Number of protein chains: 2
Amino acid sequence: MRVYLAGPDVFLPNPEARATLLKSVCSEYFLTGISPLDPLPNEPAEWAALPEAHRIARRNEAHIASCDALIANLTPFRGPSADVGTVFELGFMRALRRPVYGWSNTTTPFADRTRTFTHTTGTGTTDADGLLIEDFGLADNLMIEGAITASGGVFCSAKCNEAGQWTDLEAFRKCLAACQQLENT
Amino acid sequence: MRVYLAGPDVFLPNPEARATLLKSVCSEYFLTGISPLDPLPNEPAEWAALPEAHRIARRNEAHIASCDALIANLTPFRGPSADVGTVFELGFMRALRRPVYGWSNTTTPFADRTRTFTHTTGTGTTDADGLLIEDFGLADNLMIEGAITASGGVFCSAKCNEAGQWTDLEAFRKCLAACQQLENT
């Protein structure tokens, strides 16, 4: 089973080593991890003329379409929510009607993170600009967990200290175990 | 032509009035705007048993699938990037191979916004945690503009002061004009 590894892991120092590590953990669960950094077999020759950013975007879309499932690192990235590139890819795979999984290295609910970020006190329902603070007790914006659940995937979180935010793999492993189980059913 | 209006506009004060306004502007361009707040005709009866957040997520996915194109408000939302719920929906529609459009009320490049957010000085390529600052001169994460361009849509931005951030519709109108043009070709 081919699993696309979406996440801001590509922004970590030494992203190639990170991809190798994540793939090696996948193999422990008999899953084939596909990284956004992987070359695309038979990449269309005309893409060579595209600006690099656009070529990467097309390649990632093609990688996702070639996979059976997607596992997204949804650890909050520069703000209260997950990385938008990762969430784009989650939405893309969801529309292909394949299972999507998410993991995060925080257990703090989305609403609490948003309140902290916007300096909203107590259980305030709006921020200083009057914008609503979404509060359904979920891990992030409702489209994310809604899609994961509807697709048959699972969302897994782990409580990590700041040092473990971009290294801890407990929640990732929980996703892989669930994904392996799905494959065996 | 039915156009899904993705955006954090649902978090604005009086979101129903905002949806009515956006739809009314759509009609000037002979487009039918569909809001995430619209009831879904023939909503499956079994969804009544779902938690509200999950029901909204399913409804939004169904609305998107019922539309011919998607126009996303990508104005930065609580951080350097667009609202993740909006970007999920953009990725969803992109996978359906239909045209996606984006508009934003800032012209500041994504990399500059990220540097400001992460207090990175000069043209630094990483933040204080060593995480890469994506810098392709784009408006947001490369998956977003990559998808918009590949789909045949356009990205439009307008320079607004803070007061106009959630009210100005110049960039939105540019998207609608492009969308109307696409329909006529």
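Here, the structure is the one placed above.
Bear in mind that the values here come from a model prediction, so they are computed numbers and not experimental data.

Q: Before we move on, can you summarise the relation of the copies chain B and chain A with the specific residues and values?
A: With an RMSD of 0.0 Å, chain B superimposes on chain A once it is rotated by 180 degrees and translated 0.0 Å along the axis. Such a combination of rotation and displacement between the chain copies is what one expects of a two-fold axis. An overlap of 100% is found between the interface residues of chain B and their copies at the interface of chain A, pointing to a shared contact surface.

Q: Any chance you could break down the side chain of A:T114 for me, citing the residues and the numbers?
A: Assignment of secondary structure puts A:T114 in helix α4 (residues 110–117). In this view, A:T114 contacts A:P80, A:I133 and B:R78; residues no more than four positions away in its chain are not counted.

Q: Quick one: what's the story with the packing of helix α3 (residues 84–95) of chain A against helix α3 (residues 84–95) of chain B, residue by residue and with numbers?
A: Between α3(A) and α3(B), the shortest axis-to-axis distance is 7 Å and the interhelical angle comes to 40 degrees. As far as their axial angle goes, α3(B) and α3(A) are oblique. The handedness of the crossing between α3(A) and α3(B) comes out as right-handed. The segment α3(A) lies against α3(B), with A:V84, A:V87, A:F88, A:L90, A:G91, A:F92, A:R94 and A:A95 engaging B:V84, B:V87, B:F88, B:L90, B:G91, B:F92, B:R94 and B:A95. Residue composition of the contact of α3(A) with α3(B), by class: 12 nonpolar, two polar and two charged.

Q: Please set out the interface of chain B and chain A residue by residue, giving values where relevant.
A: In this assembly, 52 residues from chain B lie in contact with 52 residues from chain A. Between chain B and chain A the total buried area reaches about 4300 Å² when both faces are included, carbon and sulfur atoms providing 71% of it. Where chain B touches chain A, the interface holds four salt bridges. For the salt bridge of B:R94 with A:E61, the shortest nitrogen-to-oxygen distance reads 2.8 Å. Counting across the chain B and chain A interface gives 10 residue pairs in polar contact (both at pLDDT 80 or more). Listing elements by their share of the side of chain B that touches chain A, those giving two or more residues are α2 (52–65), α3, α4 (110–117) and α5 (142–151) of chain B. In terms of residue count, the dominant contributor to the side of chain B that touches chain A is α3(B) (10 residues). For the side of chain B that touches chain A, a count of residues per class yields 28 nonpolar, 12 polar and 12 charged.

Q: Please give an account of the pattern of salt bridges that cites residues and values.
A: Under the defined criterion, the tally for this structure stands at 20 salt bridges over all chains. In this structure, the salt-bridge partner of A:D9 is A:R18, at a minimum N-O distance of 2.7 Å. For A:R18, a relative accessible area of 7% gives the class buried. The partner of B:K23 in a salt bridge is B:D38, with the nearest N and O atoms 2.6 Å apart. Linking B:K23 in helix α1 (residues 15–28) with B:D38 in the loop between β2 (32–34) and α2, this pair joins segments that are 15 residues apart in sequence. Overall, B:K23 belongs to the partly exposed group, its relative accessible area being 27%. Within the structure, one salt-bridge network assembled from shared partners comprises A:D112, A:R115 and A:D135.

What counts, and at which threshold
Residues numbered from 1 in each chain as written. Chains lettered and ligands numbered in written order. Predicted model: local features only at pLDDT ≥ 70, side-chain atom pairs only at ≥ 80, totals over all residues. Heavy atoms only, no water. Least-squares fit on C-alpha atoms with pLDDT ≥ 70 in both. Contact = heavy atoms within 4.5 Å. Helix = DSSP H or I, 4+ residues; strand = E, 2+ residues; numbered from the N terminus. Axes fitted to C-alpha atoms, helices over the stretch in contact; angles between N-to-C directions. Parallel < 35°, antiparallel > 145°, perpendicular 65-115°, else oblique. Left-handed = near helix turned anticlockwise from the far one by under 90°. Nonpolar A, V, L, I, M, F, W, Y, C, P; charged D, E, K, R; others polar. Buried area = accessible area lost by both parts, 1.4 Å probe. Salt bridge = Lys/Arg side-chain N within 4 Å of Asp/Glu carboxyl O. Polar contact = N/O pair within 3.5 Å; in protein donor to acceptor, adjacent residues only side chain to side chain. Buried < 20%, exposed > 50% of the residue type's maximum accessible area, 1.4 Å probe, protein only.

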